[in-house]
Amino acid sequence: IAKLYSQLAVNGQAEFAAFSLARRFGCIVCVTLGSGGASVYTPAVRNRTEGFHRDCYEAARPAPAPKRMHADPPNVGRNAIVDTVGAGDAFVGAYAAALSLGTRGSDALRIAVCAGTRACLARGAQASPTR
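Everything numeric in this text was worked out from a predicted model, so none of it was measured.

**Some words on the overall build of the protein**
Now for step 1: Tallying secondary structure elements over the protein gives 5 helices and 3 strands in all.
Now for step 2: Counting over 131 residues, the protein shows a buried share of 25%.
Now for step 3: Counted over contacts in the protein with a minimum sequence separation of 6, partners at least 24 positions apart contribute 56%.

In structure tokens:
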């Protein structure tokens, strides 16, 4: 399965691969898109009703489509980006930290995109910012 999804990503279908992974495995999938910002796919949550028959019916239905959130990067000017080393690490770290602090998903995504962008404004790996 991993080989199939990685092939989709290589062929320019990263967002489709992310959608498929979120739907199939019920997990959060992030796609960073460079100057295009980032998208996050979160699994849809199906409302469940108590009772054996209702649970069997729910389990037989296909999973709902994942929810997509997108954030564009801040406008820093094309010449301001000097090095992308660490941008993905900064994105993931900021996204995880924001979610762990209880930040709403769309806001956490915007914070992560800004952190990834900030990492590109100087050469080499950057020190971790504090809150």
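**What to know about helix H4 (residues 87–100)**
Now for step 1: Look at H4: 20 Å from first C-alpha to last across 14 residues, which is about the 20 Å you get at 1.5 Å a residue.
Now for step 2: If you check which residues of H4 are buried, you get Ala87, Phe91, Ala94, Tyr95 and Ala98. Buried positions in H4, seen along its axis, are confined to an arc of 100° and lie on one side of it. Away from its buried face, by an angle of more than 90 degrees, H4 presents the exposed residues Asp89, Val92 and Ser100.

**Considering the packing of H4 against helix H5 (residues 105–118)**
Now for step 1: One way to put it is that H4 packs onto H5 with a least axis distance of 7 Å and a crossing angle of 150°. Viewed along their axes, H4 and H5 adopt a mutual orientation that is roughly antiparallel. As H4 packs across H5, the resulting crossing turns out to be right-handed. Residue-level contacts link Ala87, Ala90, Phe91, Ala94, Tyr95, Ala98 and Leu99 of H4 to Gly105, Ala108, Leu109, Ile111, Ala112, Val113, Ala115 and Gly116 of H5.
Now for step 2: Classifying every residue of the contact of H4 with H5 gives 13 nonpolar, 2 polar and no charged.

**Section: the environment of Ala115**
Now for step 1: Structurally, Ala115 can be placed in helix H5.
Now for step 2: In contact with Ala115, other than residues within four places in its own chain, are Ala90 and Ala94.

**Regarding the sheet that holds strand S1 (residues 29–32)**
Now for step 1: Taken together, the 3 strands give an open sheet; going across it, the order is S1-S2-S3, and neighbouring strands pair in antiparallel fashion. Only two strands of the sheet have a single neighbouring strand rather than two, namely S1 and strand S3 (67–71). Neighbour to neighbour, the strand axes of the sheet diverge by 15° on average, direction disregarded.
Now for step 2: Across the sheet, H4 lies against S1, strand S2 (38–42) and S3, angled at about 145° from S1, the strand it touches most.
Now for step 3: Packing against the sheet, H5 makes contact with S2 and S3, and its axis sits at approximately 40° to S3.

**A few points about H5**
Now for step 1: Counted at 1.5 Å a residue, the expected span for H5 with its 14 residues is 20 Å, and the 20 Å between its end C-alpha atoms agrees.
Now for step 2: Buried residues of H5: Ser106, Ala108, Leu109, Ala112, Val113, Gly116 and Thr117, and no others.

**What to know about the confidence of the model for the protein**
Now for step 1: Across the protein, the average pLDDT comes to 78, with 72% of residues at 70 or higher.
Now for step 2: Mean pLDDT values over the elements of the protein span from 42, in helix H3 (residues 52–60), up to 93, in H4.
Now for step 3: Here residues 46–60 is a poorly scored stretch, pLDDT under 50, and it has 11 contacts once near neighbours within four places are set aside; other chains count.

**With respect to a nonpolar patch on the surface**
Now for step 1: Taken together, Val76, Ile81 and Leu121 make up a surface patch of nonpolar side chains, about 210 Å² in accessible area.
Now for step 2: Mapped onto the elements of the fold, Val76 is located in the loop between S3 and H4.
Now for step 3: Take Val76: its relative accessible area is 34%, and that puts it in the partly exposed class.

The rules behind each value
Residues numbered from 1 in each chain as written. Predicted model: local features only at pLDDT ≥ 70, side-chain atom pairs only at ≥ 80, totals over all residues. Heavy atoms only, no water. Helix = DSSP H or I, 4+ residues; strand = E, 2+ residues; numbered from the N terminus. Buried < 20%, exposed > 50% of the residue type's maximum accessible area, 1.4 Å probe, protein only. Contact = heavy atoms within 4.5 Å. Expected span 1.5 Å × (residues − 1). Arc of directions from axis to C-beta. Axes fitted to C-alpha atoms, helices over the stretch in contact; angles between N-to-C directions. Parallel < 35°, antiparallel > 145°, perpendicular 65-115°, else oblique. Left-handed = near helix turned anticlockwise from the far one by under 90°. Nonpolar A, V, L, I, M, F, W, Y, C, P; charged D, E, K, R; others polar. Pairing = 2+ DSSP bridges. pLDDT = per-residue confidence, 0-100. Patch = residues over 30% accessible without salt bridge, like charges linked within 9 Å, V, L, I, M, F, W, Y side chains within 5 Å. Areas by Shrake-Rupley, 256 points an atom, 1.4 Å probe, with all protein chains shown as cover. Salt bridge = Lys/Arg side-chain N within 4 Å of Asp/Glu carboxyl O.

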